Amino acid sequence: MTVPLTEAAGGAGADPGGVLDDVRGFVESEIAPHAEEWDQNERLPPKLLTRIGELGLWAPFLPAGLGGAGMTWATLGRVHEEIGRGCSSVRSFLTVHTMVTWTVQRWGTDGQRERWLPRLATGELLGAFCLTEPDSGSDASAAGTVAERVASGWVINGEKKWMTAGQVAGLLLVFCRTEGNMSAFLVPADTPGVEITPITGVMGTRASMLARIVLRDVNVGPDALVGPPGWAAATVMTGALDLGRYSVACGSVGILQACLDACVAYTSRRTVRDGRLSELQLIRRKISDMVVSGRAARLLCAEAGRLKDADDPATIMATWVAKYHASTAASAAASDAVQIHGANGFSAAYPAARLYRDAKVAEVIEGSTELQQLTIAEEAYREVAR
Ligand SMILES: Cc1cc2nc3c(=O)[nH]c(=O)nc-3n(C[C@H](O)[C@H](O)[C@H](O)COP(=O)(O)OP(=O)(O)OC[C@H]3O[C@@H](n4cnc5c(N)ncnc54)[C@H](O)[C@@H]3O)c2cc1C
């Protein structure tokens, strides 16, 4: 059962070709029923990854003729919301893979597009976005991985940590310093010197198959570099992180929806001394908060998506705002969901515990809550000073 937060908020007509209906059906039948099992096993099944390719979701912005889905940003947002409603680990895979695919599509050379996009579009090749390091996260400018120019191209040395899909990705988008500035490289995961170690036992998005990736004297050709050297900070990094932030914001709306659905279903059945939970005012207040914060989050995401489709730079700040509200509201709703479920909220037999753990991840990745608070306030002061 899905409790309508509001249909129109995503933008009427935001579903050309009915892709959203297909994705909803896919989530209902092939994702949501298995999310707890994947969370416990800490992995996603290969069959699922193939199905995502069949729906064209690995390369949402590529035209259908090239194996993509030819989506608008608005539709992408609703798709990632739906996937996030079913399983945040699947949404995480889609987030980072889309960041890599879009980077190749947008900033790659013809040769890079021809070499990588067809297999990225089917999911035969998965992408990992490799920016964070053991000693640098929020402050990406402190990253220490280095690429040195040699006669045959570049040699990369460094260590990346917390790579979503890193255990199964075939193509790594690795951010390195080149002569002091940030550059992005496309590195096949089977290149000699690349060492991938799974990270297990994480709290949330447990099936997102995280990895630590050490690069030791990794030789790549000149064709591995995306754009000119030293050019990635203001382009690839900013653009891809904006995409990731939008995807996580929309996925957080999905978490809010899942919390609401689970809580309405549970409280409609469960009876305590004072009656059915659904009749109790203190419970109803929590349900109201989920409805209101969910609607607001979806509207903020829709605004960010609309501005992206219009190529309006205001989308960058709209996306920060959407991500801040959606991820913190999802955390609050998931905390209430656990509370409403009582002891059952701690059990894998109900989705509340997983939603709670996954919502917390959304507050850390793609710009943490604190960075959003700083960035949004900074913009507010800048606006007032104008
Ligand atoms: C499940 C998961 C998946 C991930 N997937 C990827 C991935 O695919 N690719 C990738 O590159 N990275 C990935 N990451 C890493 C993620 O991007 C970083 O965790 C994030 O950027 C925060 O960095 P950090 O963990 O080093 O925290 P830190 O930067 O050390 O921050 C620690 C705390 O301090 C706060 N803080 C930092 N600076 C300030 C400030 N100026 N003022 C106030 N507070 C501040 C932060 O908000 C945070 O609460 C993933 C992380 C997780 C948990």
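Residues numbered from 1 in each chain as written. Predicted model: local features only at pLDDT ≥ 70, side-chain atom pairs only at ≥ 80, totals over all residues. Heavy atoms only, no water.

Brief notes about the UniProt feature "domain: Acyl-CoA dehydrogenase/oxidase C-terminal" (unreviewed entry) in the protein
Annotation from UniProt places "domain: Acyl-CoA dehydrogenase/oxidase C-terminal" (unreviewed entry) at residues 235-379. Between the first and last C-alpha atoms of residues 235-379 the distance is 20 Å; the span itself is 77% helix and 3% strand. (UniProt positions renumbered as here; feature names shortened; annotations may be inferred. Helix = DSSP H or I, 4+ residues; strand = E, 2+ residues; numbered from the N terminus.)

Considering the side chain of threonine 101
Relative to the elements of secondary structure, threonine 101 occurs in helix H5 (residues 88-107). Under the relative-accessibility criterion, threonine 101 is labelled buried at 2%. Beyond its immediate sequence surroundings of up to four residues, threonine 101 is in contact with Trp58, Ala59, Leu117 and Leu120. (Buried < 20%, exposed > 50% of the residue type's maximum accessible area, 1.4 Å probe, protein only. Contact = heavy atoms within 4.5 Å.)

Digging into the domain arrangement of the protein
The assigned domain composition of the protein is domain 1 (8-125), domain 2 (128-226) and domain 3 (233-385). Domain 1 and domain 3 are separated by 20 Å when their C-alpha centres are compared. Counting residues at the interface gives 27 residues for domain 1, matched by 32 residues for domain 3. Summing the contributions of domain 1 and of domain 3, the shared interface buries around 2,400 Å²; its carbon and sulfur component is 62%. Linking domain 1 with domain 3 are three salt bridges. Residue arginine 357 is joined to aspartate 39 by a salt bridge in which the shortest nitrogen-to-oxygen separation is 2.7 Å. The tally of links from domain 1 across to domain 3 stands at eight residue pairs in polar contact (both at pLDDT 80 or more). Among the secondary structure elements, those contributing two or more residues to the side of domain 1 that touches domain 3 are helix H2 (35-41), helix H4 (73-86) and H5. Looking at the side of domain 1 that touches domain 3, the element that brings in the most residues is H4, giving ten residues. The residue makeup of the side of domain 1 that touches domain 3, split by class, is ten nonpolar, eleven polar and six charged. (Domains from an automatic or database assignment. Buried area = accessible area lost by both parts, 1.4 Å probe. Salt bridge = Lys/Arg side-chain N within 4 Å of Asp/Glu carboxyl O. Polar contact = N/O pair within 3.5 Å; in protein donor to acceptor, adjacent residues only side chain to side chain. Nonpolar A, V, L, I, M, F, W, Y, C, P; charged D, E, K, R; others polar.)

Describing helix H1 (residues 19-31)
All of the buried residues along H1 are Val19, Leu20, Val23, Phe26, Val27 and Ile31. An end-on view of H1 places all buried positions within 120° of arc, on one side of the element. (Arc of directions from axis to C-beta.)

Quick look at the environment of proline 222
Within the fold, proline 222 resides in the loop between strand S7 (211-220) and strand S8 (225-226). The exposure class assigned to proline 222 is exposed, which follows from its relative accessible area of 59%. Measuring from C-alpha to C-alpha, the distance between proline 222 and arginine 113 comes to 15 Å, with 109 residues separating the pair along the chain. Other than its neighbours up to four places away in sequence, proline 222 contacts Ser152, Gly153 and Trp154.

A closer look at the site of the ligand
Taken together, 18 residues are adjacent to the ligand, and Thr132, Ser138, Trp162, Ser368 and Glu370 come closest. Contact distances for the ligand include 3.0 Å between an oxygen atom and a backbone N or O atom of leucine 131. Within the complex, 62% of the 970 Å² of free accessible area of the ligand lies under protein. Judged by the proximity of its atoms to the pocket grid, the ligand belongs to the largest pocket. If you list the elements that add at least two residues to the shell around the ligand, you get strand S3 (153-163) and helix H11 (369-385). Per element, the largest residue contribution to the shell around the ligand is three residues, and it comes from H11. Here the shell around the ligand is built from residues that sort into eleven nonpolar, six polar and one charged. Three or more residues apiece are contributed to the shell around the ligand by two domains, here domain 2 (128-226) and domain 3 (233-385). (Near = heavy atom within 4 Å. Areas by Shrake-Rupley, 256 points an atom, 1.4 Å probe, with all protein chains shown as cover. 1 Å grid on protein atoms, 1.4 Å probe; cavity = no way out; pocket = protein on both sides within 12 Å on 5 of 7 lines; lining within 4 Å. Sits in = over half its atoms within 2 Å of the grid points.)

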